[in-house]
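An overview of the molecular structure
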Amino acid sequence: MKAIRRFAVRPALPERLAALETLVGNLRWVWHEPTVALFSDMAHGVEDRLARDPAELFASLSQARLDELAADDVFVARVDALRDDLQRYLSEPRWYQGLGESAPTSIAYFSPEYGITAALPQYSGGLGILAGDHLKSASDLGVPLVAVGLFYRSGYFSQSLSADGWQQETYPIVDPDGLPLSVLRHLDGTPVDIVLALPDGRSLNARVWVARVGRVTLLLLDTDVPENDADLCQVTDRLYGGGEEHRLRQELLLGIGGVRAIKQWCDLTGADMPTVFHTNEGHAGFLGLERISDLVGAGLGFAEALEVVRGGEVFTTHTPVPAGIDRFDPELITRYFSTELLPGVESRDVLSLGLESAVDGRPGLFNMAIMGFRLAQRANGVSRLHGEVSRRMFRSLWPGFDENDIPIGSITNGVHPATWTSTPLTDLAERAWGTRDTTSVDWRDHAVSDADLWETKRHLRAELVADARRRVEASWVSQNPGGVVPEWVHGVLDPDVLTIGFARRVPTYKRLTLMLHDEDRLRALLLDPERPIQIVVAGKSHPADDEGKRLIQQLVEFAAEPEVRSRIVFLPDYDMAMAKTLFPGTDVWLNNPLRPLEACGTSGMKAALNGSLNLSVLDGWWAEFADGANGWTIPTAAANLSPEERDRIEAASLYELLEHHIVPSFYDRGESGLPHGWLATMRHSLATLSPELSADRMLRQYVGALYLPAAAAAERLSESSYKPARELAAWKRRVVEAWPRVEISHVESGGLDVTPQVGETLRLRAYVALGGLTPDDVSVELVYGAGSAEGELTDVATLPLQPVDGPSGRGDGETSVVYGGELRLERSGNFGYTVRVVPHHRDVASDVEMGLVAVAR
Ligand SMILES: *Cc1c(COP(=O)(O)O)cnc(C)c1O
């Protein structure tokens with residue numbers, strides 16, 4: 001018989017071990033090795049997986065064992081000391097506290113998924129892991145984040161394989177009672193209830209789970225509550241599943257419900273209401289509308305409220321793949337917003353923020369990324385290259401401007417070192433340099449000998465091999481129920497063979513099967529009698545993506561060939577627990593997306609922090625960090641070739657690099673048996689990349705470039721009962737109305753010879769009609785650069801021109817102002833320039849923001 005419900009009964013904690021409650025209750029243990037070591041010792045050194053899931057661990061401990069531990073003075077003192085250490089960590093001033101009084105006291109962070117630990121499976125891939133790392137580094141640096149997400153009953157999904165290698169999905173229920181989560185409650189003990197009005201007159205209710213991630217609070221909304229009808233209980237069933245309306249409900253809950261949850265949490269805890277709201281990807285975008293609704297309730301008009309909200313909002317776009325952007329049927333949006341859902345916000349206001357323009361007469365969809373940009377004064381992509389690609393991709397939102405004017409910056413992602421660096425490597429650093437911060441030491445320093453470094457790497461590789469054998473066996477058993485596990489399964493992989501890792505979600509652009517392009521050439525590499533390679537592959541395909549599942553099947557079929565099966569394995573159910581063993585155990589991390597579709601990619605970063613070398617297409621983070629000596633770059637074939645041709649060319653380069661560079665270097669052993677050249681590359685990669693790839697670096701950049709300016713803007717716009725916001729909204733209206741009459745009537749230049757030389761000065765006068773605006777409302781700029789034969793400017797720079805004369809009448813009733821300026825020519829070669837007028841206001845972050853420009857003709 002099957003149980004209808006299952007839960008773990010925890011033994012009662014003896015009084016003397018009360019501090020354990022505190023230790024388990026805060027997820028900081030996830031990245032605090034001494035605490036995990038404590039958990040492990042409690043169960044006599046249980047396997048790592050269990051020590052990293054305290055709920056399961058406690059359930060597995062007998063009352064007798066706990067009583068025994070409580071009687072052990074040394075153990076009790078150790079628990080108390082760790083609790084004291086945690087409390088110090090939670091309260092002492094850290095980096096952020098050194099920034100001074102003007103830094104905001106609360107910042108909200110929104111993401112649809114969070115990868116904090118395998119024990120809390122609320123992530124599907126890169127976005128979630130990144131969000132988890134963002135929270136952890138924020139905690140370490142003392143950045144006052146409060147984060148919001150959804151609590152998915154089944155997380156993403158568990159992956160297994162059918163007998164013929166087809167991905168199978170199961171959705172195990174996550175039991176929140178077994179996790180370090182508590183329900184947000186009113187003072188009288190009743191759970192806080194977040195309510196959203198639905199078009200059919202019903203309401204969607206959610207409770208709020210509170211998780212402590214070090215110093216950061218994470219609020220997770222959960223619709224599986226008795227107040228909801230059965231169908232509405234399912235709104236937070238799983239990540240990225242279900243149809244369009246299901247997705248919309250999730251996103252309404254995340255954005256609108258999320259802000260409501262923060263308000264309740266602030267009320268109940270006395271915390272300050274955030275002034276900055278950071279939304280990751282479009283999914284949480286509705287949060288801005290809830291804030292507008294509040295401000296309208298406080299007496300502002302929609303446009304005025306929009307200005308306040310924009311000032312404090314930061315939008316990060318995470319994908320250059322158009323299909324990755326969330327879009328909805330406008331009718332669905334209209335239906336949901338023509339209700340009591342958001343008082344003061346009309347559905348047409350909502351549509352005006354996110355509607356795409358019509359294409360070929362067909363009306364556009366409602367686009368969450370477009371709304372994201374319109375609701376945030378500051379926006380960024382997640383690597384330098386992704387910033388460029390995003391400026392190109394969203395260029396049409398700011399018509400008339402060049403790509404490099406588009407107000408989307410970039411902050412390259414990072415990964416949380418304490419989570420992702422393996423313990424043996426950290427121990428090595430501590431022995432040599434006395435610190436566990438592996439990102440701050442110079443690995444090129446031979447305080448760690450080649451022999452020790454290599455021995456550690458071999459140990460990590462052996463751990464991966466052991467884990468892979470366990471997983472291959474389990475997978476074989478599930479694919480062949482009732483069968484007897486054949487001997488070869490216990491012998492897959494070899495701890496002394498060059499090990500290549502490839503693991504990630506399996507959308508087509510990541511090209512899981514590029515390595516199979518020439519199977520014979522790959523076989524030769526795998527089976528080389530002297531210098532073989534071995535490959536460990538993992539990854540989940542989205543349940544609705546049959547193309548991805550076919551790629552997995554193709555790989556699984558290849559890996560099942562008796563000849564190669566001990567040299568290439570596919571490990572089902574890629575998750576954070578597998579990742580922790582996988583990254584450190586590899587020598588080379590392979591990344592071969594179709595450039596430029598990998599926004600950043602973080603798995604290669606985690607590999608690099610563990611002394612694994614990157615072998616990657618020049619995409620995402622690698623495009624800015626490859627230095628020619630820290631790994632290998634697979635050259636990118638011309639973008640105009642067919643996908644098949646690109647695959648062929650890039651796969652050939654991949655084999656070539658393996659055959660002629662990577663394999664020879666790995667197996668080039670000196671007299672001592674050590675690969676000194678390889679080790680030198682490892683040291684260089686570890687020393688130079690680790691600090692750059694750390695999420696601490698990323699957090700500092702978010703704080704400096706986005707959070708502080710956003711807080712200042714929000715504060716300024718809210719001054720004197722929102723007076724600056726009201727003025728800004730009125731100013732924008734005036735500018736939009738006047739803009740059709742703004743023009744540059746003509747431009748005079750002088751000061752140059754017929755063939756000017758470097759060092760000469762260009763003098764300009766531009767006659768500008770302001771259409772009723774004043775010189776204070778605009779900025780007039782000389783835009784110059786290298787001029788191509790087609791007249792396109794490249795390497796563009798701007799120089800502000802100053803009003804030198806006027807205003808004077810023009811005869812047609814308009815006034816015109818003369819602007820002037822000088823530019824010294826610094827470079828030889830083709831030169832081109834033009835003059836443009838853009839609106840300018842102190843409370844607008846970028847002159848480009850309104851998408852208005854008048855250019856000299
Ligand atoms: C790091 C990681 C990812 C994301 O990897 P990308 O290279 O950014 O795609 C996905 N899943 C798990 C389990 C990870 O650890």
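What counts and what doesn't
Just so you know, the residues in each chain are numbered from 1, in the order the chain's sequence is written. The predicted nature of this model means local features are confined to residues of pLDDT at least 70 and side-chain atom pairs, given and counted, to a pLDDT of 80 or more, with totals for whole chains, interfaces and linings taken over all residues. Derived side-chain values reflect all non-hydrogen atoms in the structure, with water molecules and hydrogen atoms excluded from consideration. As used in this record, nonpolar core signifies buried Ala, Val, Leu, Ile, Met, Phe, Trp, Tyr and Cys residues forming a set joined through side-chain atoms within 4.5 Å. Only protein chains enter the calculation, and the probe is 1.4 Å; a residue is then buried if its accessible area is under 20% of its type maximum, exposed if over 50%, and partly exposed in between. Only runs of H or I of at least four residues qualify as helices and only runs of E of at least two qualify as strands under DSSP, and these elements are numbered from the N terminus. For the purposes of this description, domain bounds are those given by an automatic or database domain assignment. Should any heavy atoms of two residues lie within 4.5 Å, those residues are considered in contact. Nearness of a residue to a molecule or strand requires only that one of the residue's heavy atoms be within 4 Å of it. Two N or O atoms count as a polar contact when they lie within 3.5 Å, although within protein this holds only if one can serve as hydrogen donor and the other as acceptor, and sequence-adjacent residues are included solely when both atoms are side-chain atoms. Three classes are used, and their members are as follows: Ala, Val, Leu, Ile, Met, Phe, Trp, Tyr, Cys and Pro are nonpolar, Asp, Glu, Lys and Arg are charged, and the others, Gly among them, are polar. A 1.4 Å probe that fits into a set of points on a 1 Å grid over the protein atoms alone but cannot get out defines a cavity; an open set with protein on both sides within 12 Å along at least five of seven lines defines a pocket, and lining residues are those with an atom within 4 Å of a point. Grid points are joined across faces, edges and corners, and a volume is the space filled by probe spheres set on the points. Strand pairing requires that DSSP identify at least two bridges connecting the strands. Structural elements are reduced to axes, namely lines fitted to C-alpha atoms, with helices fitted over the stretch in contact, and the angle between N-to-C directions of any two is expressed from 0 to 180 degrees. UniProt positions are given in the numbering used here, feature names are shortened, and annotations may be inferred rather than shown by experiment. For Phe, Tyr and Trp, rings pair up if their centres lie within 6.5 Å, where Trp contributes its six-membered ring, and each pair is then called stacked (planes under 30 degrees apart), edge-to-face (over 60) or tilted (otherwise). Put simply, a charge is over a ring when the Lys NZ or the Arg CZ is close to the ring centre, within 6 Å, and near the line of the ring normal, within 35 degrees. Joining two parts hides part of their accessible area as seen by a 1.4 Å probe, and the buried area is that hidden amount summed over both. Salt bridge, as applied in this entry: a Lys or Arg side-chain nitrogen positioned within 4 Å of an Asp or Glu carboxyl oxygen. Angular relationships are summarised with four words: roughly parallel below 35 degrees, roughly antiparallel beyond 145, roughly perpendicular across 65 to 115, and oblique for the angles in between.

**Describing the nonpolar core**
Judged by nonpolar contacts, the single largest core of 90 residues is most densely connected at F110, F286 and F337. No other element matches helix α9 (residues 244–269), which puts 10 residues into this core. Structurally, this core is a two-domain feature, drawing no fewer than three residues from each of domain 2 (95–325 + 372–410) and domain 4 (742–855). Apart from the residues within four sequence positions on either side, F337 is in contact with L252, I256, F286, L289, L342, V345, S347 and V350. Residues L23, I107, L218 and Y702 belong to the second largest nonpolar core, which totals 66 residues.

**A word on the site of the ligand**
Looking at the ligand, there are 15 residues lining it, with K510, Y574, T602, S603 and K606 nearest. Contacts to the ligand include K510, whose side-chain N or O atom sits 2.8 Å from an oxygen atom. With respect to the ligand, the side chain of K606 contributes an N or O atom lying 2.5 Å from an oxygen atom. For the shell around the ligand, the secondary-structure elements that each account for two or more residues are α7 (126–141), α21 (576–585) and α22 (603–609). For the shell around the ligand, the element with the most residues is α21, which contributes three residues. Its residues assigned to classes, the shell around the ligand shows six nonpolar, five polar and four charged. Two domains share the shell around the ligand, each providing at least three of its residues, namely domain 2 (95–325 + 372–410) and domain 3 (427–690).

**Focus: unusual backbone geometry**
Apart from glycine, the bulk of residues carry a negative phi angle, and the bulk of peptide bonds sit in the trans form. Across the junction of R595 and P596, the peptide omega takes the value 0°, indicating a cis bond. Looking at the secondary structure, you find P596 in the loop between β20 (588–591) and α22. Despite not being glycine, Y240 has its phi angle at roughly 50°, a positive value. Here Y240 shows up in the loop between α8 (230–233) and α9. Despite not being glycine, D795 has its phi angle at roughly 50°, a positive value. As for its position among the elements, D795 is in strand β26 (residues 793–809).

**Quick notes on empty space enclosed by the protein**
Scanning all chains against the criterion turns up five cavities of 30 Å³ or more. Put simply, the largest cavity is a space of about 80 Å³. Considering the residues around the largest cavity, the lining is formed by P112, L150, Y152, L239, Y240, R247, Q250, E251, L254 and H283. The greatest single-element share of the lining of the largest cavity, amounting to four residues, is contributed by α9. Of the residues that constitute the lining of the largest cavity, the class distribution is six nonpolar, two polar and two charged. Reported here for the second largest cavity is a volume of approximately 50 Å³. In terms of lining, the second largest cavity is formed by I500, M515, L522, I535, L590, L615, L654 and L658. Of the residues assigned to the lining of the second largest cavity, the class counts are eight nonpolar, no polar and no charged.

**A closer look at the sheet that holds strand β19 (residues 568–571)**
In space, the six strands of this open sheet follow the order β19-β18-β17-β20-β21-β22, with parallel pairing throughout. The open sheet has two edge strands with one neighbour each: β19 and β22 (631–634). On average, adjacent strands in this sheet sit at an angle of 20° to one another, irrespective of strand direction. Across four bridges, strand β21 (residues 613–617) lies against β22 in parallel orientation. Of the residues in β22, the one forming a bridge with V617 is I634. Its contacts with the sheet place helix α19 (residues 519–527) against β18 (533–538) and β19, and it is angled at close to 115° to β18.

**Structural notes on the environment of N413**
Structurally, the position occupied by N413 is in the loop between β16 (409–410) and α16 (417–420). Looking at N413, the relative accessible area reads 5%, which means it is buried. Separated by 370 residues in sequence, N413 and A43 have C-alpha atoms that sit 37 Å apart. Not counting residues within four places of it along the chain, the set of residues in contact with N413 comprises L130, V382, C600, T602, M605, R697 and M698.

**Quick notes on the UniProt feature "modified residue: N6-(pyridoxal phosphate)lysine" (unreviewed entry) in the protein**
According to UniProt, the feature "modified residue: N6-(pyridoxal phosphate)lysine" (unreviewed entry) maps to K606 in the numbering used here. Structurally, the position occupied by K606 is in helix α22. Residues in contact with K606, not counting those within four places in the same chain, are I129, V415, W420 and F583.

**Overview of the packing of aromatic side chains**
Summed over all chains, the structure comprises 25 aromatic pairs. Ring centres of F286 and F337 lie 5.5 Å apart, and the angle between their planes is 45°; this geometry places the pair in the tilted category. Of this pair, F286 sits in the loop between β11 (276–280) and α10 (287–297) while F337 sits in helix α12 (residues 330–337), and the two are 51 residues apart along the sequence. Overall, F286 belongs to the buried group, its relative accessible area being 0%. Its relative accessible area of 3% is what places F337 among the buried residues. When the ring of W621 is compared with that of W622, the centres are 5.4 Å apart and the planes differ by 75°; the resulting orientation is edge-to-face. Its relative accessible area of 3% is what places W621 among the buried residues. Put simply, the rings of W454, W632, F666, Y667 and W678 pair up and form one aromatic cluster. Looking at R461, its charged tip hangs above the ring of W454, at a distance of 5.1 Å from the centre. One residue, R669, lies across the ring of F666, its end atom 5.1 Å from the ring centre.

**Some thoughts on the domain arrangement of the protein**
Split into domains, the protein comes out as domain 1 (19–91), domain 2 (95–325 + 372–410), domain 3 (427–690) and domain 4 (742–855). Summarising the inter-unit geometry, the C-alpha centres of domain 2 and domain 4 are found 42 Å apart. The partner domain 4 presents 12 residues to the 11 residues of domain 2 that form the contact. Buried area between domain 2 and domain 4, both sides added, is near 950 Å², and the carbon and sulfur share of it is 53%. Of all residues in domain 2, the largest losses of buried area upon contact with domain 4 belong to Q377, F401 and D405, amounting jointly to 47% of the total for that side. The tally of links between domain 2 and domain 4 comes to two salt bridges. Between D405 and R836 there is a salt bridge, and its shortest N-O distance comes to 2.8 Å. On inspection of domain 2 and its partner domain 4, the count reaches four residue pairs in polar contact (both at pLDDT 80 or more). Taken together, the residues of the side of domain 2 that touches domain 4 sort by class into four nonpolar, three polar and four charged.

**Some words on the packing of helix α18 (residues 450–479) against helix α25 (residues 676–693)**
For the pair α18 and α25, the least separation of the axes is 11 Å and the interaxial angle reads 80°. Between α18 and α25, the angle falls in the class roughly perpendicular. Where α18 abuts α25, its residues D450, L453, W454 and K457 lie against H676, W678, L679, M682 and R683. For the contact of α18 with α25, the per-class residue count stands at five nonpolar, one polar and three charged.

**A look at the side chain of N614**
Structurally, the position occupied by N614 is in strand β21. The class of N614 is buried, set by a relative accessible area of 2%. For N614, the side chain forms a polar contact with the main-chain oxygen of G604, separated by 3.2 Å. For N614, the contacting residues outside a window of four places in its chain are W589, G604, A608, W621, W622, N630, G631 and W632.

**A closer look at the pairing of strand β24 (residues 761–769)**
A regular strand carries its side chains on alternate faces of the sheet. Sheet analysis places strand β23 (residues 743–750) next to β24, joined by seven bridges and oriented antiparallel. Within β24, the residue paired with V747 across the bridge is A766. The pairing of β24 with strand β27 (residues 815–824) spans nine bridges and is antiparallel. Residue pairing in the sheet places R765 in a bridge with G820 of β27.

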